[in-house]
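# Structure assessment
The primary structure of each chain is shown beneath.
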Amino acid sequence: MTISASTSKQMWQILLPEETRTSAYRMVLLGIGNELNGDDAAGVQFVRLLREILPADSSAAPAAHLNTIPTVLLIEGAIAPENSTGSIRKFKPDLVVMVDAAQMDLQPGQMTLLDPDLIDGITASTHNFPLSMLAGYIRQEMNCEVRIIGIQPVGNDQFTPLSAVVETAVQDLVEEFLTHIRRQSHA
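Only a predicted model underlies this, so the values are computations on that prediction, with no experimental measurement involved.

With that out of the way, let us pick up the overall build of the protein. Within the protein one finds 5 helices and 6 strands. Reading the helices (α) and strands (β) of the protein from amino to carboxyl end gives β-α-β-α-β-α-β-β-α-β-α. Buried residues in the protein amount to 51% of all 187 residues. Look at the contacts in the protein between residues 6 or more apart in sequence, and 76% of them connect residues 24 or more apart. Just so you have it, the protein exposes about 8600 Å², and 49% of that area is on carbon and sulfur atoms.

Right, dumping it as structure tokens:
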């Protein structure tokens with residue numbers, strides 16, 4: 001399923017089902033990518049933007065100032081997201097959402113909800129461990145759901161910033177996540 005940046009609202013509706021309305025629901029948002037390689041930093045930037053808004057210790061309690069329900073752990077997995085498995089295991093999540101730039105032959109900034117079992121043909125070459133293997137490990141060892149949001153980059157040239165279109169897509173993804181969580185907390 002391909003979802004454009006302007007409809008990331010649908011992405012969160014799919015990813016955050018009714019059970020996220022309980023205070024016991026635990027979610028990890030794992031940003032992946034190389035911040036020195038242009039749009040490859042999309043996943044890392046996603047987590048950083050959320051970290052600016054959510055409370056400093058979002059791993060310990062729901063974001064009370066937003067009146068949200070789920071407990072959220074934000075992790076900058078960068079180029080070695082597999083190094084975060086200890087923190088993920090300790091947190092005991094119900095859902096892990098990985099956000100990463102991925103070459104999918106879409107329009108720059110478009111996002112796709114990727115099936116972790118079917119991503120081996122998608123290029124995300126700045127990390128060492130295939131995301132399909134990491135997702136499989138997390139599902140198997142931690143008994144939780146794993147989903148991947150791929151964001152189509154413009155480019156991954158070294159020492160360049162995020163492109164404007166990918167930065168806009170990341171900001172939209174953050175805003176829609178917060179809107180969805182706020183909406184669920186009032187339902």
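We now examine the pattern of salt bridges. Tallied over the full model, the rule gives 4 salt bridges. Between Glu 76 and Arg 48 there is a salt bridge, and its shortest N-O distance comes to 3.1 Å. Here Glu 76 is found in strand S3 (residues 71-78), whereas its partner Arg 48 is found in helix H2 (residues 42-53), with 28 residues between them in sequence. Given the relative accessible area of 31%, Glu 76 is considered partly exposed. A residue is classified by how much of its surface remains accessible, and Arg 48, at 28% relative accessible area, is partly exposed. We note a salt bridge from Arg 51 to Glu 76, for which the minimum N-O separation is 2.9 Å. Note that Arg 51 is positioned in helix H2 and Glu 76 in strand S3, a separation of 25 residues in sequence. Connected through shared salt-bridge partners, Glu 35, Arg 48, Arg 51 and Glu 76 make up one network.

This part covers the pairing of S3. The buried fraction of S3 amounts to 6 of the 8 residues, a majority that puts the element mostly inside the structure. Summarising the sheet, strand S2 (residues 26-32) and S3 pair through 7 bridges and their orientation is parallel. Bridge pairing in S3 places Leu 29 opposite Leu 74.

What follows is about the nonpolar core. Counting residues in hydrophobic clusters, the biggest one holds 32 residues, and the most contacted among them are Trp 12, Leu 29, Phe 46, Ile 149 and Phe 177. Of all the secondary structure elements, the ones that give two or more residues to this core are helix H1 (8-15), S2, H2, S3, strand S4 (95-101), strand S5 (111-114), strand S6 (145-151) and helix H5 (164-185). Element by element, the count of residues in this core is highest for H5, at 8 residues. Aside from chain neighbours lying at most four places away, what touches Phe 46 is Trp 12, Leu 29, Val 99, Val 170, Leu 173 and Val 174. Within the second largest apolar cluster, 20 residues are counted, among which are Leu 30, Ile 138, Met 142 and Cys 144.

Applying the stated criterion across every chain yields a total of 2 aromatic pairs. Considering the side-chain rings of Trp 12 and Phe 46, the 6.2 Å spacing of their centres and the 15 degrees angle between planes classify their relative orientation as stacked. Of this pair, Trp 12 sits in helix H1 while Phe 46 sits in helix H2; the two residues are 34 residues apart in sequence, bridging distant segments of the chain. Overall, the relative accessible area of 0% leaves Phe 46 in the buried class. Following the ring pairs from residue to residue traces out a cluster consisting of Trp 12, Phe 46 and Phe 177. Directly above the aromatic system of Phe 91 lies the positively charged group of Arg 26, at a separation of 4.0 Å from the ring centroid.

It is worth spelling out the environment of Ser 8 at this point. Its place among the elements puts Ser 8 in helix H1. Through-space distance from the C-alpha of Ser 8 to that of Glu 175 is 9.2 Å; in sequence the pair is 167 residues apart. Engagement of the side chain of Ser 8 in a polar contact is seen with the side chain of Asp 172, the distance being 2.6 Å.

Parameters and conventions
Residues numbered from 1 in each chain as written. Predicted model: local features only at pLDDT ≥ 70, side-chain atom pairs only at ≥ 80, totals over all residues. Heavy atoms only, no water. Helix = DSSP H or I, 4+ residues; strand = E, 2+ residues; numbered from the N terminus. Buried < 20%, exposed > 50% of the residue type's maximum accessible area, 1.4 Å probe, protein only. Contact = heavy atoms within 4.5 Å. Areas by Shrake-Rupley, 256 points an atom, 1.4 Å probe, with all protein chains shown as cover. Salt bridge = Lys/Arg side-chain N within 4 Å of Asp/Glu carboxyl O. Pairing = 2+ DSSP bridges. Core = buried A, V, L, I, M, F, W, Y, C linked by side-chain atoms within 4.5 Å. Phe/Tyr/Trp six-rings, centres within 6.5 Å; stacked < 30°, edge-to-face > 60°. Lys NZ or Arg CZ within 6 Å of the ring centre and 35° of its normal. Polar contact = N/O pair within 3.5 Å; in protein donor to acceptor, adjacent residues only side chain to side chain.

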